[in-house]
Amino acid sequence: DQDRGRRNAAPLLIVGAGNAGAWAVNLCKSKNASFGNPVAIVDDDLTKKNLRVQGVPVRGTISDIPELVRKYHIMEIVIAITTLKGDRLREVINLCNSTHCRVRMLNDPQAVDESGKPVVAGLRELNTADFLSRDEIQLNNAQIAEYLHDKIVLVTGGGGSIGSELCRQIARHKPRRLVIFDIYENNAYDIQMELRREHPELTLDVCIGSVRDRRRVNDLLDTYQPDLIFHAAAHKHVPLMEDSPNEAIKNNVFGTYNMAQSAAAHGVKRFVLISTDKAVNPTNIMGASKRLCEMVVQMMDRRSDTEFVAVRFGNVLGSNGSVVPLFERQIACGGPVTVTHPEITRFFMTIPEAVSLVLQAGYYARGGEIFVLDMGQPVKIDDMARQLIRLSGFEPDVDIPIIYTGLRPGEKLYEELLMDEEGLQDTANRLIHVGRPIDMDDEAFCRQLEVLERACRHNSPDIRRCVADMVPTYHPKKD
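Note that this is a predicted model, so its numbers are computed, not measured. (Residues numbered from 1 in each chain as written. Predicted model: local features only at pLDDT ≥ 70, side-chain atom pairs only at ≥ 80, totals over all residues. Heavy atoms only, no water.)

(A) Local environment of the overall build of the protein. Helix and strand counts for the protein stand at 17 helices and 22 strands. Rg of the C-alpha trace for the protein: 25 Å, near the compact-globule value of 23 Å for 479 residues, within the 12% margin. Along the first, second and third principal axes, the C-alpha set of the protein runs to 80 × 55 × 40 Å. Relative to all contacts within the protein whose residues are 6 or more apart in sequence, the contacts with residues 24 or more apart total 76%. Split by element, the accessible area of the protein, about 21500 Å² in all, is 49% carbon and sulfur. Distance between charge centroids for the protein: 4 Å, based on 58 positive and 65 negative side chains. (Helix = DSSP H or I, 4+ residues; strand = E, 2+ residues; numbered from the N terminus. Rg over C-alpha atoms; globule rule 2.2 N^0.38 Å. Contact = heavy atoms within 4.5 Å. Areas by Shrake-Rupley, 256 points an atom, 1.4 Å probe, with all protein chains shown as cover. Lys, Arg positive; Asp, Glu negative; His and termini not counted. Charge placed at Lys NZ, Arg CZ, Asp CG, Glu CD.)

(B) Region of interest: the pairing of strand E22 (residues 432–435). Burial along E22 is two-sided: Ile-432 and Val-434 and His-433 and Gly-435, pointing in opposite directions, are all buried. Bridging between strand E18 (residues 370–373) and E22 involves 4 bridges; their strand directions are antiparallel. Bridging across to E22, Val-372 finds its partner in His-433. By the bridge criterion, 2 bridges tie strand E21 (residues 425–426) to E22 in an arrangement that is antiparallel. What sits directly across from Asp-426, in E22, is His-433. If you look at the hairpin formed by E21 and E22, you'll find 5 residues sitting between the two strands. (Buried < 20%, exposed > 50% of the residue type's maximum accessible area, 1.4 Å probe, protein only. Pairing = 2+ DSSP bridges.)

(C) Summary view of unusual backbone geometry. Residue Gly-335 is joined to Pro-336 through a cis peptide bond whose omega torsion reads 0 degrees. Residue placement: Pro-336 occurs in the loop between helix H13 (323–332) and strand E15 (337–339). The backbone of His-73 sits at a positive phi, close to 55 degrees, despite the residue not being glycine. Residue class for His-73 comes out exposed when judged on its relative accessible area of 59%. Its identity is not glycine, yet Gln-225 carries a phi of approximately 45 degrees, on the positive side. Structurally, Gln-225 is set in the loop between helix H9 (214–224) and strand E11 (228–231). Overall, Gln-225 belongs to the partly exposed group, its relative accessible area being 39%.

(D) Seen up close, the packing of aromatic side chains. Counted by the stated rule, this structure contains 3 aromatic pairs. Relative to Tyr-363, the ring of Tyr-147 lies with its centre 6.4 Å away and its plane at 50 degrees, an arrangement referred to as tilted. Here Tyr-363 lies in helix H14 (residues 351–364) and Tyr-147 lies in helix H6 (residues 141–148), a separation of 216 residues in the sequence. For the pair Tyr-147 and Tyr-363, a shared accessibility class is recorded, and that class is buried. Centroid distance Tyr-363 to Tyr-364: 6.0 Å. Interplanar angle 65 degrees. Geometry classified as edge-to-face. The class for Tyr-363 is buried, based on a relative accessible area of 19%. Among the aromatic residues, those joined into a cluster by ring pairs are Tyr-147, Tyr-363 and Tyr-364. (Phe/Tyr/Trp six-rings, centres within 6.5 Å; stacked < 30°, edge-to-face > 60°.)

(E) Molecular detail of the pairing of strand E9 (residues 177–182). Of all the 6 residues making up E9, 5 are buried; the element is thus mostly covered by neighbouring parts of the structure. As judged from the 5 bridges shared by strand E8 (residues 152–156) and E9, these two strands associate in the parallel manner. Looking at E9, one finds that Leu-154 is bridged to Val-179. Viewed along the sheet, the connection from E8 through helix H7 (residues 161–172) into E9 turns out right-handed. Relative to strand E10 (residues 204–208), E9 is paired through 5 bridges, and the arrangement is parallel. Within E10, the residue paired with Leu-178 across the bridge is Leu-204. Considered for its hand, the β-α-β crossover made up of E9, helix H8 (residues 185–198) and E10 is right-handed. (Right-handed = clockwise from strand over helix to strand, strands pointing away.)

These figures capture arrangement, not role.
Following this line, the structure appears as structure tokens:
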């Protein structure tokens, strides 16, 4: 019965004749007919041509996929080469998608999830991370473990998308204690529950409060005496901050200043600011506020024994408020999908990749650096929207319309990761570079911070002008 059911199942093609391909054939044959019936395998290794894998013949190379789809009436393709990454994976996905077959990926049989448990065997739908995939990021885990192991680590904004992933990765390196500080108790509760479940051995403290509250910050550092601080607490949403510019300054600039002054006073060894490519030649108040945070960090590094550094990167895939979840919701509702401009590009990285590189940069830190993460090639948001629509089984502009809504306040067409004048130095990791220090007069900067603090406390309508006086590269867009 099972054999007959399989023969009646939709014809299926498997990409990859290695161990993972054999595993995929077994999976399809052992499960019920819903997995499809494997009738052909392709592999670029020419020595495998005409071999059989678990009884299924290797009928050609990857470039033969469209022809084989027509010849064998293939309905579904399973990509079963777990080493495919970066440009090559994108090429293969695009070729498979062009056939209008359903395309799925085999979960890597060796893969483990964030907590080290094996991933459930099976097939999964493609996701954006697949076609934005890059070559495997190389890290020196021994170095990262060395400076995190047995340390007291504080993560501000530890419930956010970057902060919570920082907590997950830090927990794996067995700190003496992990302290999460966040204003938003729902997120903080979620990561607390997750870490208790996945790392019952971890000494974990979750504290609610705001980085704006200097007394609360000082009490926190008095209580826990951290060795390391990762400062991820920030307002980051560009259009929302354009409408509430004083809040961006209160939270980002003075939250950072409070944390930094308290860190110096409490003898914290290292302070890592999470920054953004939007700090480069900023056109919006959020980016300008993060540029000021970088200036605070560089000034504090010169004035204290604490090693203060910043790590700057672009957009992360799937973070709260990012474009991918928005597109997915729009597609689920049948469209339209809204893109601000047909030419707009952004750099992307997955959250775990970005955080791994932040931790690696933290090891390189000697104080005063602005580390810049290599975000790979910029991605056209329009291309990404079309890919997502195809991944969902629809045709862009036919089943799901795409409409262009115009750039939003403070939004650029292209992000720059570096200022023109910043000569980059390399580190031992090819994806982490060091930017040149910011030219600034510390005494004058401190006086300007006092003026800025008064202005934002009084919710000044002139806050943008105050910021532009301090950040010469900030050019607010005129309405």
